[in-house]
Amino acid sequence: MTRIYETPSAHEKKPDLNGWRVAGWGTLLALLALPAIAMQLTGEVDWTASDFVFAAILLGALGAGIELAVKVGRNGAHTFALVLTALAAFVTLWANAAVGFVGDGPINMVFGAIIGTFLVLAALARFRPGATFWLCCGVISAELATGLAAQVTGQADWLPVLFAAGLWLPPAALFRLSAGRE
């Protein structure tokens, strides 16, 4: 007796909970728990509830960015470029929030605006490699221009600005490579 199995419809499919996804989200949760554990062990770490909310939002956005990269990546280079982009955005926002790239003034908010603008434009471009390459170049240019603006006001610290801009070079190169393959 032969049975014919039907494939489940889209609404009946179970979510894909493979080991990589569980490990990735578990790692992000562990990173979020580290400050809470450290607060129990030392007085050096003193996070408030808003610090945990901010960290949870950033870590959640990083996880979502990696999930998106895996889903929309057109080839290996494109997927890896999208993952590096998520990491670059995360590190830029986290480091700037922690220490500020150019002093303590409101000019630091420009870095967040640059990342936000990039994300909106990249989504509008549907993360196509060619367009995203140029958007990465725009992020690099905008961050360097922000450093120049800070220089004019006497607040520039070029090492963090160059670090932030440099984060976008590897994804830009991979987007360029991926665009050439299409």
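All of these numbers come straight from a predicted model, not from anything done at the bench.

Engineer: Mind laying out the confidence of the model for the chain, listing which residues take part and the relevant values?
Structural biologist: Residues of the chain with pLDDT of at least 70 account for 90%, and the chain-wide mean is 89. Within the chain, the lowest mean pLDDT, 92, falls on helix H1 (residues 19-41), and the highest, 96, falls on helix H4 (residues 109-124).

Engineer: Outline the packing of aromatic side chains, supporting the account with residue identities and numerical values.
Structural biologist: Tallied over the entire structure, the rule returns 6 aromatic pairs. Seen in terms of ring centroids, Phe133 and Trp134 are 4.8 Å apart; in terms of plane orientation they differ by 70 degrees. Their pairing is edge-to-face. The exposure class assigned to Phe133 is buried, which follows from its relative accessible area of 13%. Three or more aromatic residues joined by ring pairs form one cluster here, namely Trp47, Phe52, Phe90 and Trp94. In this structure, Arg176 is placed above the aromatic ring of Phe133, and the distance from its NZ or CZ to the ring centre is 5.1 Å.

Engineer: Kindly report on a nonpolar patch on the surface, identifying the contributing residues and their values.
Structural biologist: Together, Leu31, Leu34, Ile37 and Leu41 make up a nonpolar patch on the protein surface, roughly 420 Å² of accessible area in all. Positionally, Leu34 belongs in helix H1.

Engineer: Explain H4 to me, and be specific about the residues and the numbers.
Structural biologist: Taking 1.5 Å of rise per residue, 16 residues should cover 22 Å, and H4 covers 23 Å from first to last C-alpha, within 8% of that figure. Every buried residue of H4 is accounted for by Phe111, Ile114, Ile115, Phe118 and Ala122. An end-on view of H4 places all buried positions within 95 degrees of arc, on one side of the element. Opposite its buried face, H4 presents the exposed residues Met109, Val120 and Leu124, each directed more than 90 degrees away. Looking at the buried residues of H4, the elements they touch are helix H3 (76-99), helix H5 (129-152) and helix H6 (158-166). Directly after H4, the chain includes Arg126, whose backbone phi takes a positive value near 55 degrees.

Engineer: So what's going on with the pattern of salt bridges? Which residues, and what values?
Structural biologist: Applying the stated criterion to the full structure yields 1 salt bridge. Between Glu67 and Arg21 there is a salt bridge, with its nearest N and O atoms 2.9 Å apart. Taken together, the residues Glu67 in helix H2 (residues 49-72) and Arg21 in helix H1 connect sequence positions 46 residues apart. A residue is classified by how much of its surface remains accessible, and Glu67, at 17% relative accessible area, is buried.

Engineer: Quick rundown of H1? Include the residues and the values.
Structural biologist: For H1, which comprises 23 residues, the first-to-last C-alpha distance of 31 Å matches the rise-based estimate of 33 Å (1.5 Å per residue) to within 8%. Taken as a whole, H1 carries its principal kink of about 30 degrees at Ala33; the proline Pro35 stands between one and four residues after it. In this structure Asn18 caps H1, since a side-chain oxygen of it lies 3.1 Å from the backbone nitrogen of Trp20.

Engineer: So what's going on with the packing of H5 against H6? Residues and values would help.
Structural biologist: Put simply, H5 and H6 touch, their axes get as near as 9 Å, and they point 170 degrees apart. As the angle between them shows, H5 and H6 are arranged roughly antiparallel. Residues Ile140, Glu143, Leu144, Gly147, Leu148 and Gln151 of H5 form the contact with H6, whose participating residues are Trp158, Val161, Leu162, Ala164 and Ala165. When its residues are assigned to classes, the contact of H5 with H6 shows 8 nonpolar, 2 polar and 1 charged.

Engineer: How would you summarise the side chain of Asn108 if you had to cite specific residues and measurements?
Structural biologist: Tracing the backbone shows Asn108 in the loop between H3 and H4. For Asn108, the contacting residues outside a window of four places in its chain are Asn96, Gly100, Phe101, Val102 and Gly103.

Engineer: Residues and numbers for the environment of Pro129, please.
Structural biologist: If you trace the backbone, Pro129 turns up in helix H5. In this structure Pro129 comes out as buried when scored by relative accessible area, which is 0%. Distance in space between the C-alpha atoms of Pro129 and Ala172 is 8.9 Å, their sequence separation being 43 residues.

Cut-offs and rules
- Residues numbered from 1 in each chain as written.
- Predicted model: local features only at pLDDT ≥ 70, side-chain atom pairs only at ≥ 80, totals over all residues.
- Heavy atoms only, no water.
- pLDDT = per-residue confidence, 0-100.
- Helix = DSSP H or I, 4+ residues; strand = E, 2+ residues; numbered from the N terminus.
- Phe/Tyr/Trp six-rings, centres within 6.5 Å; stacked < 30°, edge-to-face > 60°.
- Buried < 20%, exposed > 50% of the residue type's maximum accessible area, 1.4 Å probe, protein only.
- Lys NZ or Arg CZ within 6 Å of the ring centre and 35° of its normal.
- Patch = residues over 30% accessible without salt bridge, like charges linked within 9 Å, V, L, I, M, F, W, Y side chains within 5 Å.
- Areas by Shrake-Rupley, 256 points an atom, 1.4 Å probe, with all protein chains shown as cover.
- Salt bridge = Lys/Arg side-chain N within 4 Å of Asp/Glu carboxyl O.
- Expected span 1.5 Å × (residues − 1).
- Arc of directions from axis to C-beta.
- Contact = heavy atoms within 4.5 Å.
- Bend = angle between axes of the 7 residues up to and from the residue.
- Polar contact = N/O pair within 3.5 Å; in protein donor to acceptor, adjacent residues only side chain to side chain.
- Axes fitted to C-alpha atoms, helices over the stretch in contact; angles between N-to-C directions.
- Parallel < 35°, antiparallel > 145°, perpendicular 65-115°, else oblique.
- Nonpolar A, V, L, I, M, F, W, Y, C, P; charged D, E, K, R; others polar.

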